[in-house]
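# Summary of the model geometry
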Amino acid sequence: MDETLLGHLAALRRSLLRAAAGVAALLLPGFLAAPAATRALVRWAVPERLGALHYFAPLEAFRAQLHVGFVLALAAAWPWVCLQAWAFVRPGLREGEARALRRWIPLSTLLFLGGALFACAVVTPLAMAFAASFAEPGLAPVIGLGAFLHLAGSLALGFGVMAQTPLALALAARLGFATADGLRRARPYALVAILTLSALLTPPDVASQVLLALPTLLLYELGIRLAGPAEKRD
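Not measured: the values here are computed from a predicted model.

Rules behind the numbers
- Residues numbered from 1 in each chain as written.
- Predicted model: local features only at pLDDT ≥ 70, side-chain atom pairs only at ≥ 80, totals over all residues.
- Heavy atoms only, no water.
- Helix = DSSP H or I, 4+ residues; strand = E, 2+ residues; numbered from the N terminus.
- Areas by Shrake-Rupley, 256 points an atom, 1.4 Å probe, with all protein chains shown as cover.
- Lys, Arg positive; Asp, Glu negative; His and termini not counted.
- Charge placed at Lys NZ, Arg CZ, Asp CG, Glu CD.
- Phe/Tyr/Trp six-rings, centres within 6.5 Å; stacked < 30°, edge-to-face > 60°.
- Buried < 20%, exposed > 50% of the residue type's maximum accessible area, 1.4 Å probe, protein only.
- Disulfide = S-S within 2.5 Å.
- Core = buried A, V, L, I, M, F, W, Y, C linked by side-chain atoms within 4.5 Å.
- Contact = heavy atoms within 4.5 Å.
- Expected span 1.5 Å × (residues − 1).
- Bend = angle between axes of the 7 residues up to and from the residue.
- Axes fitted to C-alpha atoms, helices over the stretch in contact; angles between N-to-C directions.
- Parallel < 35°, antiparallel > 145°, perpendicular 65-115°, else oblique.
- Nonpolar A, V, L, I, M, F, W, Y, C, P; charged D, E, K, R; others polar.
- Patch = residues over 30% accessible without salt bridge, like charges linked within 9 Å, V, L, I, M, F, W, Y side chains within 5 Å.
- Salt bridge = Lys/Arg side-chain N within 4 Å of Asp/Glu carboxyl O.
- pLDDT = per-residue confidence, 0-100.
- Left-handed = near helix turned anticlockwise from the far one by under 90°.
- Polar contact = N/O pair within 3.5 Å; in protein donor to acceptor, adjacent residues only side chain to side chain.

## Here we look at the overall build of the protein
Of regular secondary structure, the protein possesses ten helices and zero strands. Counted from the first residue to the last, the protein has its helices and strands arranged as α-α-α-α-α-α-α-α-α-α. Over its C-alpha atoms, taken along the principal directions, the protein stretches across nearly 65 × 40 × 35 Å. If you sum the accessible surface of the protein, you get close to 13,500 Å²; carbon and sulfur atoms cover 70% of it. Distance between charge centres in the protein, computed from 19 positive and 12 negative side chains, equals 7 Å.

## Brief notes about the packing of aromatic side chains
Taken as a whole, this structure holds four aromatic pairs when the rule is applied. Taking 4.1 Å as the distance between ring centres and 10° as the angle between the ring planes, the aromatic pair formed by tryptophan 78 and phenylalanine 112 counts as stacked. Taken together, the positions of tryptophan 78 in helix H3 (residues 60-89) and phenylalanine 112 in helix H5 (residues 105-132) put the pair 34 residues apart, joining distant regions of the chain. Phenylalanine 112 shares its class with tryptophan 78; the two are buried.

## As for the state of the cysteines
Chemically, a disulfide is nothing more than a covalent bond linking the sulfur atoms of two cysteines. Throughout the structure, instances matching the rule amount to zero disulfides. This cysteine, cysteine 82, is not joined by any disulfide, and cysteine 120 carries the nearest cysteine sulfur, 18 Å off.

## What to know about the nonpolar core
Met128, Phe148, Leu149, Leu183 and Tyr220 are the most contacted members of the largest nonpolar core, which has 34 residues in total. Contributing elements (two or more residues each) for this core: helix H2 (27-45), H3, H5, helix H6 (145-162), helix H7 (165-174), helix H8 (180-185), helix H9 (187-201) and helix H10 (206-231). Sorting elements by how many residues they give to this core places H6 first, with eight residues. The residues contacting leucine 149, other than those within four sequence positions of it, are Thr38, Leu41, Ala64, His67 and Val68.

## Some words on H5
Under the 1.5 Å per step criterion, the end-to-end length of H5 is 39 Å for 28 residues, consistent within 8% with the ideal 40 Å. Helix geometry: H5 is bent most strongly at alanine 119, by close to 40°.

## Here's the deal with the packing of H2 against H6
Between two packed helices, both the angle of their axes relative to each other and the distance between the axes serve to describe the pair. Following both chains from N to C, one finds H2 and H6 inclined at 85°, their axes separated by 12 Å at the closest point. With respect to H6, the axis of H2 lies roughly perpendicular. Seen from H2, the contacting residues are Thr38, Leu41, Val42 and Ala45; seen from H6, they are Leu145, Phe148, Leu149 and Ala152. Classifying every residue of the contact of H2 with H6 by side-chain character gives seven nonpolar, one polar and no charged.

## Examining a nonpolar patch on the surface
Among the surface-exposed residues, Leu6, Leu9, Leu12 and Leu16 lie close enough to one another that they form a single nonpolar patch of about 350 Å² accessible area. Among the structural elements, leucine 12 can be located in helix H1 (residues 3-25).

## So, the confidence of the model for the protein
Here the protein averages 83 in pLDDT, and 93% of its residues register 70 or above. Mean pLDDT per element in the protein: helix H4 (residues 95-103) is the minimum at 73, and H2 is the maximum at 92.

## Here we look at the packing of H2 against H3
At a minimum axis separation of 7 Å, H2 and H3 run at an interaxial angle of 115°. Considering the angle they form, H2 stands roughly perpendicular to H3. As for the relative orientation of H2 and H3, their crossing is right-handed in sense. The segment H2 lies against H3, with Leu27, Gly30, Phe31, Ala33, Ala34, Pro35, Ala37 and Thr38 engaging Phe62, Gln65, Leu66, Val68, Gly69, Phe70, Leu72 and Ala73. Taken together, the residues that form the contact of H2 with H3 break down as twelve nonpolar, four polar and no charged.

## Regarding H3
Since the α-helix packs 3.6 residues into each turn, any two residues three or four apart lie on the same face. With 30 residues, H3 extends 40 Å between its outermost C-alpha atoms, agreeing within 8% with the 44 Å of an ideal straight helix rising 1.5 Å per residue. The largest bend in H3 amounts to roughly 55° and is located at alanine 77, with the proline proline 79 lying one to four residues further along.

## Let's talk about the side chain of glutamate 60
By the secondary structure assignment, glutamate 60 is in helix H3. Despite its burial, glutamate 60 pairs with no opposite charge, the nearest such side chain being arginine 63 at 5.4 Å. In this structure the side chain of glutamate 60 is engaged in a polar contact, spanning 2.5 Å, whose partner is the backbone nitrogen of phenylalanine 56. When near neighbours in sequence (up to four residues on either side) are disregarded, glutamate 60 contacts His54, Tyr55, Gly144, Leu145, Gly146 and Ala147.

Rendered as structure tokens:
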């Protein structure tokens, strides 16, 4: 195997391990903060007519707390994860490109947190209200804590990742990999990609996928607007 390829694979492995170590270091604080975050999310997002949430296995509540702790740890470690990605691609960039990419790490963090908060504050309550709309006298919902937190966590991660769309498109234009005109022509392909990613990043229900896909399409259009000025810079 080519030595250059081996070197790239080794560098990628180091970056991935450092990123994973950063998330792992924050797992304990995330786990300890998970109960308070869970209570706040339940109060905010679960309609009263759904009643109390339940758990159906002895360790389900514990696993759910681990899930929430991981989401909190990943959100807190996002700047470190972005920095490791920057360190991996840095050797292949010119000095100006490397500086531009590193300056946008804080913006990436804000977009990730903004997407995750939007999912928790707006999308999750809408999804739960939609679920509650099917309740009737002969049909009572019994929703598990694990299922609810899996929905909320998946939406938070999905929206956090997909919120990177305008930044990713602007960076692609800045680095010469794309143009605003090319992105406009690629709209049909982008639609298919967004729908596919929405299906992968959300639970297997159409409502969650649509709630993720529609804002991402708007973010794609924002990315096209940002790509124009970005590609003209030296």
